[in-house]
Amino acid sequence: MRKAVLLRFGMILVLALAVSGMVSGFLMGNKLLEDNQKNLLHVVYMVEYTLHGKQDLQKECMQIKAQLKDENVRITVVAADGAVLADTEAATFDGMENHLEREEIRTAFRGETGYATRYSDTLQENMLYVAALSASEGYVVRVASSYDGLKEYIPSMLPILLLGAAAAALIAFVAAVHFAGTIAGPLSEISAKLQDKHTVPWDFHFPVYRYEELNIIGEAITGLAGEVKEQISRLEFERKVRQEFFGNASHELKTPVTAIRGYAELLDNGFVADEEKQSEFIRRILKTAEHMSRLIEDILLISRLETKDVEVTYSMVRLDLLIREIFDVVEPIAKKHQVTLCSQCEEVTLEASVRQMRELLMNLVVNGVTYNQPGGHVWVEIRADKEKVIIRVRDDGVGIGREDQARIFERFYRVDKGRSRKLGGTGLGLSIVKHIVEYNEGDLRLKSSPGEGSEFMICIPFSRNIL
Ligand code: ADP
């Protein structure tokens, strides 16, 4: 990571130096050419002024050159027909070719200042030419000087250029090392923490870094780790609950199976000769089998409600009529327990599963009767509020202690095991009630005190997502 950042930095630096070198070289070259052209133009004007009205142009030109004290300057005078009238460099200019084709000469004869840079065959070096027309004499004065552009400055500039590049490289390297450190450091810290087997699983803490993006990465990891942790503990909890449930369920089923087998074996062995005893055993077998199938039905119902894998048919359920129907079924049991059933129900219609509603009310009413005393009552009140149905099932029975109130909705939890079993309870009734209320996005509350009675209050909203 660090190496890669440094390498990239190096590449960028070389590229930046090359581009800036090229651009500044181009600009400096242009400026240099412009300055040289300007200087030569001054010489052209000076020569033109000096030659004004003179006859021996060659001699005059040589004199001017001598005065200029510049070996490199070459003065040429070209007539309108292209013939060279004077030239400070060619020993004999008679043999010199016609100059009319030269770019700068042609431009000068058009009345403009002519500029050109090219290789001179006569002097065998690169030259800069500046030419202008002498309006009065009808010839062109051209001044040339050897010109190599920036090349001639390179030897003298090279040490400075190299020094500059080295300084830039050094500064860039220090900056790159620092930059790589501030980025690569936190990233390696983050990856080290992710790989560290000794950190508490999914428990990450990162310091505040200089760059916001790194903090975002750190926060995202911490957030994700938190969610994963939560998920894991939720799954772990669910696994435990399921395991416990299966353990309890098998235990609950084992007891009746053992009983059935015991009675059946006794009958099979012929130990029970008495006919009345035989039919008594058969009745017990049937009762136990009935209890078993109730238990299995309850287990299946809970598991289906839990996974929401229930094929539910919704219809408009008249809760007041349903209570009447339930009372008809429970009445004989209530009579046996000497408990009076009372209802005070409004005409309420709720869109729901009639099976679920029957199961819910039946469990609460039966419990109210079962955990009661002779002379006791069970009151059912149903009324509609603005957005919800309120169901209250109250009794003046044995009541439930504070510590049990929190647990009676757990599967298979019973306060009085003997009483529940004796009366055919599966220990799943209230758990089913709670599941049905949750399934219907409702609310369930319990008020109870031992010896005084209990009140279960359920609210179910009319409009629900499941509908
Ligand atoms: P069970 O099949 O044992 O009735 P439930 O889940 O319906 O199972 O109830 C769990 C336990 O809660 C019961 O065993 C009983 O001890 C207690 N309980 C339920 N309803 C009442 C009530 N109305 N009054 C007093 N105790 C109750």
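Scroll up to find the structure.
Criteria and cut-off values
- Residues numbered from 1 in each chain as written.
- Predicted model: local features only at pLDDT ≥ 70, side-chain atom pairs only at ≥ 80, totals over all residues.
- Heavy atoms only, no water.
- Helix = DSSP H or I, 4+ residues; strand = E, 2+ residues; numbered from the N terminus.
- Rg over C-alpha atoms; globule rule 2.2 N^0.38 Å.
- Areas by Shrake-Rupley, 256 points an atom, 1.4 Å probe, with all protein chains shown as cover.
- Lys, Arg positive; Asp, Glu negative; His and termini not counted.
- Charge placed at Lys NZ, Arg CZ, Asp CG, Glu CD.
- Near = heavy atom within 4 Å.
- Polar contact = N/O pair within 3.5 Å; in protein donor to acceptor, adjacent residues only side chain to side chain.
- Expected span 1.5 Å × (residues − 1).
- Buried < 20%, exposed > 50% of the residue type's maximum accessible area, 1.4 Å probe, protein only.
- Arc of directions from axis to C-beta.
- Contact = heavy atoms within 4.5 Å.
- Axes fitted to C-alpha atoms, helices over the stretch in contact; angles between N-to-C directions.
- Parallel < 35°, antiparallel > 145°, perpendicular 65-115°, else oblique.
- Nonpolar A, V, L, I, M, F, W, Y, C, P; charged D, E, K, R; others polar.
- Pairing = 2+ DSSP bridges.
- Phe/Tyr/Trp six-rings, centres within 6.5 Å; stacked < 30°, edge-to-face > 60°.
- Lys NZ or Arg CZ within 6 Å of the ring centre and 35° of its normal.
- Core = buried A, V, L, I, M, F, W, Y, C linked by side-chain atoms within 4.5 Å.
- Salt bridge = Lys/Arg side-chain N within 4 Å of Asp/Glu carboxyl O.

The next point concerns the overall build of the protein chain. Helix and strand counts for the protein chain stand at 11 helices and 12 strands. For the protein chain, whose C-alpha radius of gyration is 55 Å, the value lies well above the compact-globule estimate of 23 Å for 467 residues. In terms of its C-alpha atoms, the protein chain occupies a principal-axis envelope of roughly 165 × 55 × 40 Å. Surface accessibility of the protein chain: about 28,500 Å² in total, with carbon and sulfur atoms responsible for 57%. Both charge centroids of the protein chain, one from 56 positive and one from 67 negative side chains, sit 8 Å from each other.

Bringing the site of the ligand into the picture now. Surveying the vicinity of the ligand reveals 20 residues, the closest of which are Asn367, Tyr371, Ser420, Gly427 and Leu430. Valine 415 is positioned with one of its backbone polar atoms (N or O) 3.0 Å from an oxygen atom of the ligand. A distance of 2.9 Å is found between an oxygen atom of the ligand and a backbone nitrogen or oxygen belonging to threonine 426. Surface burial for the ligand is 96%, taken as the share of its 530 Å² of free accessible area covered by protein chains. Elements that contribute at least two residues to the shell around the ligand include exactly helix H11 (429–439) and strand S12 (453–461).

What follows is about helix H2 (residues 57–68). The terminal C-alpha atoms of H2 lie 16 Å apart, and with 12 residues this matches the ideal 16 Å at 1.5 Å per residue to within 8%. Residues of H2 that are buried: Leu57, Gln58, Glu60, Cys61, Ile64 and Lys65. With its buried residues spanning 160° around the axis, H2 presents them on a single face. For H2, the exposed residues lying more than 90 degrees away from the buried face are Ala66 and Gln67. In this fold, the buried residues of H2 make contact with helix H1 (2–51), strand S1 (74–78), strand S2 (84–87) and strand S5 (139–146). A positive backbone phi angle near 55° is found at lysine 69, which sits one or two residues after H2.

Moving on to unusual backbone geometry. Phi at glutamine 338 takes a positive value of approximately 55°, unusual for a residue other than glycine. For glutamate 441, which is not glycine, the phi dihedral falls at a positive 55°. Structurally, glutamate 441 is set in the loop between H11 and strand S11 (443–449).

Take the packing of helix H4 (residues 154–195) against helix H5 (residues 212–269) next. Relative to each other, H4 and H5 sit at 10°, their axes nearing to 11 Å. Considering their axes alone, H4 and H5 lie roughly parallel with respect to each other. Of the residues in H5, those in contact with Thr182, Ile183, Pro186, Leu187, Ile190 and Leu194 of H4 are Leu214, Ile217 and Ile221. The residue inventory of the contact of H4 with H5, partitioned by class, reads eight nonpolar, one polar and no charged.

It is worth spelling out the pairing of strand S9 (residues 377–384) at this point. The pairing of strand S7 (residues 340–345) with S9 spans six bridges and is classified as parallel. Bridge assignment links serine 343 to a residue of S9, and that residue is valine 380. Note that S9 and strand S10 (residues 388–395) share seven bridges and pair antiparallel. When the bridges of S10 are listed, alanine 384 appears paired with valine 389.

What follows covers the packing of aromatic side chains. Scanning the entire structure with this criterion turns up seven aromatic pairs. Measuring from ring centre to ring centre gives 6.5 Å for phenylalanine 179 and tyrosine 211, while their planes differ by 80°; the resulting arrangement is edge-to-face. Taken as a pair, phenylalanine 179 in helix H4 and tyrosine 211 in the loop between H4 and H5 lie far apart in primary sequence, 32 residues in all. When the centroid spacing of 6.1 Å and the interplanar angle of 10° are considered together, the rings of phenylalanine 204 and phenylalanine 206 count as stacked. Using a relative accessible area of 8% as the deciding quantity, one classes phenylalanine 204 as buried. Cation over ring: arginine 394 sits above tryptophan 379, and NZ or CZ is 4.3 Å from the ring centre. Sitting over the face of the ring of phenylalanine 245, arginine 411 holds its NZ or CZ atom 4.5 Å from the ring centroid.

In this structure, Leu319, Leu360 and Ile391 are the most contacted members of the largest nonpolar core, which totals 47 residues. In terms of residue count, helix H7 (residues 319–336) provides more of this core than any other element does, seven residues in total. Other than its neighbours up to four places away in sequence, leucine 319 contacts Val348, Leu350, Met357, Ile382, Val389 and Ile391. The next biggest cluster of nonpolar side chains, apart from the first, holds 21 residues, and it includes Val47, Leu57, Leu128 and Val143.

Let us now look at the environment of arginine 414. Relative to the helices and strands, arginine 414 is located in the loop between helix H9 (402–405) and helix H10 (417–422). Looking at arginine 414, the relative accessible area reads 6%, which means it is buried. In sequence terms arginine 414 and glycine 185 are 229 residues apart; their C-alpha atoms lie 60 Å from each other. Arginine 414 has contacts with Glu252, Ser420, Arg421, Gly425, Thr426 and Gly427, leaving out every residue within four places of it along the chain. At 2.9 Å, the side chain of arginine 414 forms a polar contact with the side chain of glutamate 252. Within the structure, the side chain of arginine 414 is placed 3.2 Å from the backbone oxygen of glycine 425, a separation counted as a polar contact.

Side-chain pairs of opposite charge can arise whenever the charged atoms involved come near each other. Considering all chains together, one arrives at 23 salt bridges under this definition. Salt-bridge contacts for arginine 411 lead to glutamate 306; the nearest nitrogen and oxygen are separated by 3.0 Å. Taken together, the residues arginine 411 in the loop between H9 and H10 and glutamate 306 in helix H6 (residues 275–307) connect sequence positions 105 residues apart. Across the pair arginine 407 and glutamate 410 runs a salt bridge, and its minimum N-O distance is 2.9 Å. By relative accessible area, glutamate 410 is classed as partly exposed at 31%. Look at the salt bridges and you will find they share partners, linking Glu381, Arg383, Arg392 and Glu455 into a network.

Fair warning: the whole summary comes from geometry, so function is off the table for now.
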